Every structure is written in C-alpha cells, then in structure tokens.
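Structural overview
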Amino acid sequence: MWFDASHFQGFQRTRHACDQGDGINGYGYHKHDGRTYGLQTINDGPSNVAITTEFLKVPGGEHGGDWGVRIHGVPMKDQAPSISSIIFYIGLEGEGSMDIVSKTSKKGLESPVRIEGDTPDLGDFEIRIVDGPLNQSPGEGISQDLTRTQWWDIIMPKILLAAKERLMQESNQEAALQRPYAYFTLENKLTEEEDEVANLYAFQKVFRGEFQFDILFRSASSPEKITSESLGLNLNRRRKEFDTRFENTFHLKEKGFGEKQVEFAQFLLSNMLGGIGYFYGSAVVDRSHPPMQDEETFSDEPSKPEFTPPQQLFSATPSRPFFPRGFYWDEGFHQLLIGRWDNDLSLDIIKHWISLIDDNGWVGREQILGDEARSKVPAEFQTQFPHYANPPTLYLAINRYVHRLLHREERHQIPGTPQTTMGGVDDTGVLQSMHLDNPTIARAWLESVYPKLRLNWQWFRATQKGHLARFGRHASNKEAYRWRGRTPEHTLTSGLDDYPRGEPPNIGELHADLLSWMAFATRLLKDISVHLGPEYADDVKEYTRIESDMLENLDALHWNDEQEAFCDQTVEEGKPVHICHKGYASLLPLALGLIPVDSPKLGATLNMIENEKELWSPYGLRSLSASDPKYKTGEVYWRGPIWININYLTLQSLYNNYMYTPGPYQKQAQKIYKALRDNIISTVYKDYRKTGYVWEQYSDDSGEGMRSHPFTGWTSLVLLIMAEEYT
C-alpha cells in the first residue's frame, strides 16, 4: 500500500485494494504470462506517482522455488512535489513463524532487511528487502532515519495515532506542516505480548522522487538463490521472451498492427491472466425450491438461504475492482483467450468449474465464496438457487480445446514436423501444452470432465424445459425452454439481465436465446463425444437427434415472419404469442452458427445487423434495436449499449460459418465481418488510449466506455478479434 506523503491529506487517500472511485489514471498488467512473470503499472495521478511492479518466479527445490518483485516509482509531474510512502506487509496464516533477523534500531532497518521464517508448506525461507542504488530520502524523521526501512507488526491505525501524538508534541506547528512525511511513519517496535509470536510485519519506505526497491523470497531448498542482480537480469530477459511469444501466438505485427496497438493487445491478455485467482469458502444457497417444481412467484427472493460446506475455485474474473469472483457464463468466454495462450492453465480452470457441478447437474452461476467475496456483493444478490441456470459457455471453451487437439494431431502426422519432447515439471513450456502433446493425457482429461458436462446438459433439459401442450402449442417434438429466475424487470439467469421479455413474467414463456444455447451446447457435446470414440456412439446418436429437434423448434416456435426475427413467446389471454425485441436474443441463432447458409432467415438476420435503425452502430452491434420501445429505458444495461462478448460471438460465427462457405449471403457476411471487426477494434482501442481502461460496455452513440472498469474479462476478446483467432 502507499500514500502521498507530501501533504497531510495524502494519508487519507491511502491506496490498498483497487476501487473504481479511487481516481487512478489507469492501471493494469502490461505483460503477464499467467505463471511466472508479470509487469504492472499503476498511474496514481492524485498521488503524483506511477508505480511499476514487476515479478518473477524461479521454480526449483522442494518447496516451489524463489520469487522476486521489483517496485519502481516515477513522479508523473516533475514540477509537483513527489514524496511517496510505501508500506509492504508480510503475514502468515496457519502454522509457522517468522522473525526479523536484521539488527533492529529505533532509527529503522538498514538495507538489506532480512526476515527468516518457516511453515510446513514452504519449509525454511528468507525474505529480503533491498534498496535500489539511487533512492533519495525527503529529509529527517522525528526520531527515525528515513533513509532506512521503518517497521512494525501493526499497520494503519497505529500510524494515524502516532502521527497525532507526534504533532501534539511539536511546539512549531507551522514548521511541522512542511514535512508531513516525518509524522506518518511506523514506530520501529514489536507489540508482541508474552508467549506470542508476531505473524504480520509491516515495512515502510519513504522516498523523494524516483525510487526502486526489491523484495526477494528465497527458499532454503532452492539450488540457486535469487539476488537483486539476478532478478534484474532475468526481468529484462523475460520482457523480451514475453514479446516474442506474444507475436508468435497472435501474429499482430504480421497482420499490420502498430507498436501501440500491440501494447494494447498485450494489456488485454495480461490483465485477463493477472485477474486469475483462487477462491475458497462457503456459498449461500437456497434449496427450499425443488428444482423440478415450476415457479409460482417471480420475486427472486430467498426464503431459506443456507451456507454450503467450503468450496474451492480457481478462476479468471471479469473485473478486479468490481467483479472479483467467478461467473459461469463469463468464464467460458475468458477461457477462449486463456486457452489460446496457455492450454493447460485453461484446462485447470475449466476443471475447477466442472468440479462445482453437483450430483443433480447444477452449478451456481455466480461463485461468491467466503466472507471476503460476499463483502463485495449486495445482500440481495448473494443467494444462489439450484433451479437457476446460466448460458453454458464452458462447452464452447472445451470444444475449442478439442479443435486445438485435432490441429496438433494433424500437424504431427505431417512428415518432417518436429515432435515435441517432454521436459521436466519445472519447464513452463511443457506445462503449457502437456494436454496437447500427450494423447493419453488429453483423452484422460476429456473423459474426466465429460460425465459432469453431460449431467449438466441433462439438468438443463429437465429444469429449464418450457410448456407446449399446456398452452396449446403445436410442435413436432418437445424441445422448448424457459429461463427460470425471471422477475418483472430482469432475467439475470440469461446473462442479458434487463433485456426486455414478456410482461408480466409467466410460466408460459419460451425464450429463443435459451433454446439457441441448448442447441449449441448439444452440438458441442456431440463433437466432444465423437472425439472420444466408438464407446460414446450411443451418446452421439442421442445428441444428433436432439440437436435436430431443437433446430426444428427454433424455427417453428421462435421465428416470426412479420418481424423477420427470432422472438420469445409469452402467453396472453391463455394463448401463445410472440414477443419481439430485436437484439442480442434474436441475434444468437446466427452468432452460434445455427442458421443454414442458404436460409432466408440468415439473410433477414444479416439485414437486421447492418440496419442502423436496429443493431448497427459505428462502434459495434447494439444489444437492443434502436427502434425498440424499450431501447435505452430503465437501467440501460442490455438495452442498447455494446457488449464485446456477443460482438465476438457474431464475428467468430461469420468467420467460421458464413464468410468462406458458398451461399446466397456470403458476400453480405464478408462485408459485415470486415466493417464490424474494424469498428470493434477501433472503439475499444481509442477509448483505452483516452482513459487508460477497457470497459464493461460501450456507448452506441459515442463509443465511450461505460460502467465497470477496468473490465478485462470478455472485453479482452478484442485481442482474438485482432488476431482473427476463432477456432
């Protein structure tokens, strides 16, 4: 954590956890490989400092190896005062101990500061805090030497109290106000009681102008200990290696993108990877509503919420400050990018999500695990319901893995292609692609997740099924679906939140987007089971038949000839009627590749896309038609603004299904693809250059970023759009 020590009010703006209202001028990772290296810059304009943190992990030994972090600060405005107070704290949870072994003094600790400790998992270790060679002190402290590191085993409350006490003792208050940095300092003492051992230490450094210091973790079992010298050399090497790997993976320079655009693209990838976290704790679930029982009310209010046993999740997150937790339908999009960069890291995350599917086939759409996670979520949104669904996008991510696997197998069959050789477990290059290079491991992974995926698909078909005969509907099969969890203003379970539906909500509704997702998921499960081989032939037959039924009913139940669009159904006066709100829900059949290339419905949907009075804007496709009565009404969330995930789905479908396949609408698909791709890249890149952030959504009027920021979840799919990586 840090604060501006050039004036007394700076302490009130102490930076710790990232928050949207903190006035930071942009922050995030500019390089991150997802495993052992990352570089982040935080532009804190109000505190007049740009802080870069760069870390490196060095595997080795019996306890995970060493790591190092270099913290480098530079004033953002040379003419303004720049005095930075930086606090680094170290804590232990669980068994173990640690102690300061440097010579302690009331004046502070000389560099390098040394801490030694041990835990059952880490073994014996040492931590060093090492000053850079050019650091400058702002002046003398009250009783401390501010060229040294100040320390304590308690942090913020004591700093404030100590500052007040020191000021009270000053006879010349006016002179004191000229050097606030001298008062907000740690007191260089331990507060351990008898028989207690401190498990949290704070270390403070105060700098004038530019500064640098290193934090080094050295495991006793590491064969070669990290030093500041080796850290500096390896950080330089890893920056270059990241740039090379990035270009070899995404080929942006080859495609003609400039240096600034490539840096922007690296920012997108790096923040997706930097937002990955491990979460542990209990969730809140209301199981009082039997999953197979139809909804009687549409209030979305829990009646018997209970804590679950503790669960764990390894997951990417949509937004570090605003959505720092796992979301089911977001995660499928996240893994499209992560899987392209690091196949096995992605599979690890996917398997964590699959492990959360319960014995009935349900998985909570939002994973709010533990008290810390709940502290970021309003109480009314904390409870999960086991009859609520979410778009099954993880199927898409797994299908992409199968495509990568097939591509790798085809490459290895080409004469003269170099064969992959296996390295050690500390070889990150090997760890990234073991499940691509080894067919036995690949098959074992697919077979391990397939039963839960199939169970989840069966749960969808049972719990989200819509009513046909009950409301006099006629169809040749029973495939019809309705999102549970509706309220008068929202369908949060659909992922499209406030997207307009029938009014009022009722059990006679049928939702075009859900049937589209179900047909898509069925097709992907079919592809996965085909890859698994002859033992799954019966499943393949079942998926083939049900997919055909779903596609038939998508046309029969949801196509409206008058509106020339796919529409929801509701029931009015006991009879089923179409409710047509052109937008993302009616776009999904095309975006998921469900419309045949020669179907007039494809032409009509393409016309809807490029109609400026409906979905087309110069900045991307609107979530709701500009001609719809609900356009930009209510909270204006999914009622007009541009969302990158659906624009990405549309682009990848045009590319994979319609641009290169002969048909009556091929040229129209090509024209739309090129213009839409250009618009999306331009919109997100220009606003990033202007604001320092990528955003949750974008204005269809101006292209300006809106709502949560930084939102480096599915907005980071712009990198795949730039690279045209869709398979």
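This text follows the structure it describes.
Residues numbered from 1 in each chain as written. Predicted model: local features only at pLDDT ≥ 70, side-chain atom pairs only at ≥ 80, totals over all residues. Heavy atoms only, no water.

Along the polypeptide, Arg461 turns up in helix H11 (residues 439-463). A relative accessible area of 19% means that Arg461 is categorised as buried. Here the side chain of Arg461 touches Glu479 through a polar contact of 2.4 Å, side chain to side chain. Here Tyr481 takes part through its side chain, which lies 3.4 Å from a polar atom of the side chain of Arg461. Apart from residues no more than four positions distant in its own chain, Arg461 is found in contact with Glu479, Tyr481, Met518, Ile546 and Met550. (Helix = DSSP H or I, 4+ residues; strand = E, 2+ residues; numbered from the N terminus. Buried < 20%, exposed > 50% of the residue type's maximum accessible area, 1.4 Å probe, protein only. Polar contact = N/O pair within 3.5 Å; in protein donor to acceptor, adjacent residues only side chain to side chain. Contact = heavy atoms within 4.5 Å.)

What follows concerns the sheet that holds strand S12 (residues 211-219). The eight strands lie next to each other as S2-S3-S4-S5-S12-S9-S8-S7, forming an open sheet whose pairing is antiparallel. Whereas interior strands pair on both sides, the edge strands pair on one side only; in this sheet they are strand S2 (27-32) and strand S7 (97-100). In this sheet, neighbouring strand axes are inclined to one another by 15° on average, regardless of whether the strands run parallel or antiparallel. Of the strand pairs in this sheet, strand S8 (residues 113-119) and strand S9 (residues 123-131) are connected by seven bridges, and their pairing is antiparallel. Within S9, the position partnered with Ile115 by the bridge is Ile127. Packing against the sheet, helix H3 (residues 228-250) makes contact with S2, strand S3 (37-44), strand S4 (49-58), strand S5 (66-74), S9 and S12, and its axis sits at approximately 95° to S4. (Pairing = 2+ DSSP bridges. Axes fitted to C-alpha atoms, helices over the stretch in contact; angles between N-to-C directions.)

For S12, the buried fraction is high: eight of the nine residues fall into the buried class. In the sheet, S5 pairs with S12 via seven bridges, with the strands oriented antiparallel. Among the inter-strand pairings, Trp67 is bridged to a residue of S12, identified as Phe217. Relative to S12, S9 runs antiparallel, the two being bridged by seven bridges. Looking across to S12, one finds that Ile127 is bridged to Phe217.

Summed over all chains, the structure comprises 43 salt bridges. Close ionic contact of Glu241 with Arg237 constitutes a salt bridge, the shortest N to O distance being 2.8 Å. One end of the pair, Glu241, and the other, Arg237, are both in helix H3, four residues apart, so they sit about a helical turn from each other. The class of Glu241 is partly exposed, set by a relative accessible area of 38%. Note that Glu547 and Arg523 form a salt bridge whose closest N and O atoms lie 2.6 Å from each other. You can see Glu547 sitting in helix H13 (residues 537-558) and its partner Arg523 sitting in helix H12 (residues 512-532), a full 24 residues away along the chain. In this structure Glu547 comes out as buried when scored by relative accessible area, which is 7%. Using a relative accessible area of 22% as the deciding quantity, one classes Arg523 as partly exposed. Three or more residues are tied together by salt bridges with common partners; here these are Arg114, Glu116, Glu126, Arg128 and Arg218. (Salt bridge = Lys/Arg side-chain N within 4 Å of Asp/Glu carboxyl O.)

Quick look at the environment of Ala17 now. With respect to the helices, strands and loops of the structure, Ala17 is situated in the loop between strand S1 (2-4) and S2. Counting along the chain gives 590 residues from Ala17 to Asn607, while the straight-line C-alpha distance between them is 46 Å.

Under the counting rule described, the total for this entry stands at one disulfide. One disulfide bridge connects Cys567 with Cys580, the sulfur atoms lying 2.0 Å from each other. The chirality of the disulfide connecting Cys567 with Cys580 is right-handed, given an S-S dihedral of about 100°. With Cys567 in the loop between strand S21 (565-566) and strand S22 (568-572) and Cys580 in the loop between strand S23 (575-579) and helix H14 (584-591), this pair connects stretches of sequence that are 13 residues apart. For Cys580, a relative accessible area of 23% puts it in the partly exposed group. (Disulfide = S-S within 2.5 Å.)

The next point concerns H12. With 21 residues, H12 ought to run about 30 Å at 1.5 Å a step, and its terminal C-alpha atoms sit 30 Å apart, in line with that. Burial analysis of H12 places 17 of its 21 residues in the buried class, the great majority of the element. (Expected span 1.5 Å × (residues − 1).)

For the structure on display, the rule yields 43 aromatic pairs. Arranged with centres 5.9 Å apart and planes meeting at 85°, the rings of Tyr27 and Tyr693 form a pair that is edge-to-face. In this pair, Tyr27 sits in strand S2 while Tyr693 sits in the loop between helix H17 (666-691) and strand S26 (697-698), placing the two residues 666 residues apart along the sequence. The same class applies to Tyr27 and to Tyr693, which are both buried. Of note, Lys205 hangs over the ring of Phe213, and the distance from its end group to the ring centre comes to 5.9 Å. For the cation-ring pair, Arg245 lies above Trp341, with the distance from its terminal atom to the ring centre recorded as 3.7 Å. (Phe/Tyr/Trp six-rings, centres within 6.5 Å; stacked < 30°, edge-to-face > 60°. Lys NZ or Arg CZ within 6 Å of the ring centre and 35° of its normal.)

Any functional reading would require information beyond the geometric quantities listed.
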